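Letter by letter, the chains look like this.
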Amino acid sequence: MLISERPGRIRLFRGGRLSTYAELPVYARGESGLLGLALHPRFPEAPYVYAYRTVEEGGLRNQVVRLRHLGERGVLERVILDGIPARPHGLHSGGRIAFGPDGMLYVTTGEVYERELAQDLASLGGKVLRLTLEGEPAPGNPFLGQKGARPEIYSLGHRNPQGLAWHPVTGELFLSEHGPSGEQGYGHDEVNVVVPGGNYGWPRVVGRGNDPRYRDPLYFWPQGFPPGNLAFFRGGLYLAGLRGGGPFAPGPRGGKGALAGGGGGDGAFRFWPPAGGPGGAGRGPLRHHLQPGRAGKAKVRGRQGASPGLSLGRGAPSAVPF
């Protein structure tokens, strides 16, 4: 397993032993630094590891880089996408990367506490991006050829998206995202189903806006459940999140798609497929169950087999099977 650490290290965990696979220069502050990791879809035949990092030299920004795999270590090969917004406070850098079923690289970016960037098609901030293996805009992206729009953009209107996962049957893309923490109220962390060209409303809408110009979240937490990554496992969608202070007991509130809870506690939150089969994942309320873990550690409980890799909180490390 490869594990990223925000100060710039990529660690290799193999055979019960932890070693340093690579060490990259980064700007590690707040929620920024070395964040997402992803393996080339044909790894190890194609010996590449992709990473998302914040750098200061030459101007503060986030970028996606590619390393060449050399057995027990990786060596930085090239930057494949540069100029993603970052700020000195280090907040709202996004940073999750993952390859989709189409073989393209998806990248989440934050709006660095400059809310209007999320609606600005000339900016890479507050977006989900879709790239080729070489970092070019992916064919079929919704804003290709549109004057003034960045062709890498796949969806917009995001505040600080943290997790990506594809439904194993339908191929739908699920996204976890942080809601406001004071600038427009509190809470309203979200799970969204992402579609090409979709506008998810930030900062025009918080939570469920019922505005046809924007896509409402599949679920949101009025009182907040700051999410990390999410993953599908044995037919369920698991979301790692932070509350702190004790068991978190979510329950239905406010109608379809709204969840709230009392208390606290870190854990893996399991969404079950809705009635009507997996194809209804974006079209109806979901049953839910919380499987709490200890502080900073999400526990995903299954009978047998590997569990998904879930990371907790803002600017959390990534872990990918190796």
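Residues numbered from 1 in each chain as written. Predicted model: local features only at pLDDT ≥ 70, side-chain atom pairs only at ≥ 80, totals over all residues. Heavy atoms only, no water.

**Focus on the overall build of the protein**
The test is simple: Only runs of H or I of at least four residues qualify as helices and only runs of E of at least two qualify as strands under DSSP, and these elements are numbered from the N terminus. Buried means the residue's accessible area, taken with a 1.4 Å probe over protein chains only, is under 20% of the maximum for its type, while exposed means over 50%, and partly exposed covers the values in between. The contact criterion used throughout is that any non-hydrogen atoms of two residues lie within 4.5 Å. With residues, only the protein chains shown are counted as cover, and all accessible areas are computed by Shrake-Rupley using a 1.4 Å probe.
Secondary structure summary: the protein contains zero helices and 24 strands in total. Burial status across the protein gives 56% buried among its 322 residues. Sequence separation of 24 or more characterises 55% of the internal contacts of the protein that already satisfy a separation of 6 or more. Roughly 13300 Å² of accessible area belongs to the protein as shown, and the carbon and sulfur atoms make up 51% of that amount.

**Describing the sheet that holds strand E9 (residues 105-108)**
We apply this condition: Should DSSP find at least two bridges between two strands, the strands are taken to pair. For helices, the fitted line uses only the C-alpha atoms of the stretch in contact; every axis is such a line through C-alpha atoms, and the angle between N-to-C directions lies from 0 to 180 degrees.
The strand order across the open sheet formed by four strands is E8-E9-E10-E11, and the pairing between neighbours is antiparallel. Where the open sheet ends on each side, the last strands, each with one partner, are strand E8 (97-99) and strand E11 (153-156). Shown here is a sheet whose adjacent strand axes are inclined to one another by a mean of 20°, direction ignored.

**A short note on the side chain of Ser32**
Put simply, the rule reads: Polar contacts here mean pairs of N or O atoms no more than 3.5 Å apart (in protein, one a potential hydrogen donor and the other a potential acceptor; neighbouring residues in sequence count only if both atoms are side-chain atoms).
Locating Ser32 in the fold gives a position in the loop between strand E3 (17-23) and strand E4 (34-39). There is a polar contact of 2.7 Å between the side chain of Ser32 and the side chain of Ser93. If near-sequence neighbours (up to four positions away) are discounted, Ser32 is found in contact with Arg6, Tyr27, Thr54, Gly90, Leu91 and Ser93.

**Focus on the environment of Gly95**
When you line up the elements, Gly95 lands in the loop between strand E7 (74-84) and E8. In this structure the C-alpha to C-alpha distance between Gly95 and Leu34, which are 61 residues apart in sequence, comes to 8.4 Å. Among all residues touching Gly95, those that are not within four sequence positions of it are Leu35, Gly36, Tyr52 and Thr108.

**Things to note about a nonpolar patch on the surface**
As a reminder, the rule being used: Patch definition: residues above 30% relative accessible area lacking any salt bridge, with like charges linked at up to 9 Å and the nonpolar side chains Val, Leu, Ile, Met, Phe, Trp and Tyr linked at up to 5 Å. We count a salt bridge whenever a side-chain nitrogen from Lys or Arg sits within 4 Å of a carboxyl oxygen from Asp or Glu.
A cluster of nonpolar side chains, contributed by Met1, Phe13 and Leu18, occupies part of the molecular surface with about 260 Å² of accessible area. The residue Phe13 is located in strand E2 (residues 9-14) in this model.

**Here's the deal with the sheet that holds E3**
Strand order in the open sheet made by the four strands is E3-E2-E1-E24, with antiparallel pairing throughout. At either end of the open sheet lies a strand with only one pairing partner, and these are E3 and strand E24 (319-320). In the sheet, E2 pairs with E3 via six bridges, with the strands oriented antiparallel. Residue pairing in the sheet places Arg9 in a bridge with Glu23 of E3.

**Focus: the pattern of salt bridges**
For the structure shown, the criterion picks out 15 salt bridges. Notably, a salt bridge pairs Asp211 with Arg213, separated by 2.8 Å at the nearest N-O pair. With relative accessibility at 59%, the residue Arg213 sits in the exposed group. Each of Arg66, Arg68, Glu77, Arg78 and Glu134 takes part in salt bridges that share partners, so that together they form one network.

**A closer look at the confidence of the model for the protein**
Low pLDDT marks regions whose predicted coordinates should not be analysed in detail. Filter applied, for reference: The score called pLDDT rates the predictor's confidence residue by residue, from a low of 0 to a high of 100.
The share of residues in the protein with pLDDT of 70 or more is 77%, and the mean pLDDT across the chain is 81. Low confidence marks residues 244-265, where pLDDT is under 50. Its contacts with residues over four positions away, or in another chain, come to 62 contacts. Overall, residues 272-308 carries pLDDT values under 50, and its contacts beyond four positions in sequence, including any with other chains, amount to 93 contacts.

**Quick notes on the packing of aromatic side chains**
To keep it simple, the criterion reads: Pairing of aromatic side chains here covers Phe, Tyr and the six-membered ring of Trp, requires ring centres within 6.5 Å, and sorts the geometry by plane angle: under 30 degrees stacked, over 60 edge-to-face, intermediate tilted.
The tally for this structure, following the rule as stated, stands at seven aromatic pairs. Between Tyr21 and Phe322 the ring centres are 6.0 Å apart and the planes differ by 70°, which places this aromatic pair in the edge-to-face class. Note that Tyr21 is positioned in strand E3 and Phe322 in the segment after E24, a separation of 301 residues in sequence. Its relative accessible area of 2% is what places Tyr21 among the buried residues. The partly exposed category is assigned to Phe322, whose relative accessible area is 30%. Relative to Phe232, the ring of Phe174 has its centre 5.2 Å away and its plane inclined at 80°; by these criteria the two rings are edge-to-face. Here the residue Phe174 occupies a position in strand E13 (residues 173-177), and Phe232 occupies one in strand E18 (residues 227-233), the gap between them amounting to 58 residues. Here a set of aromatic residues connected by ring pairs shows up, and it is made of Tyr21, Phe43 and Phe322.

**Considering the nonpolar core**
Operational definition: By nonpolar core we mean a set of buried residues, namely Ala, Val, Leu, Ile, Met, Phe, Trp, Tyr and Cys, connected to one another through side-chain atoms within 4.5 Å.
Of all hydrophobic cores here, the largest spans 22 residues; its most connected members are Val64, Leu105 and Val107. With near-sequence residues (within four places) excluded, Val107 lies in contact with Tyr52, Val64, Arg96, Ile97, Lys127, Val128, Leu129 and Leu131. Counting residues in each nonpolar core, the second largest holds 15 residues, with Leu2, Leu12, Tyr21 and Ala51 among its members.

**As for the pairing of E18**
Burial analysis of E18 places six of its seven residues in the buried class, which makes it a mostly covered element. The sheet contact formed by E18 and strand E19 (residues 236-241) spans five bridges and is antiparallel. Following the sheet pairing, Phe233 is matched in E19 by Gly236. The hairpin turn running from E18 into E19, its antiparallel successor, is two residues long, and Arg234 in that turn takes a positive phi close to 50°.

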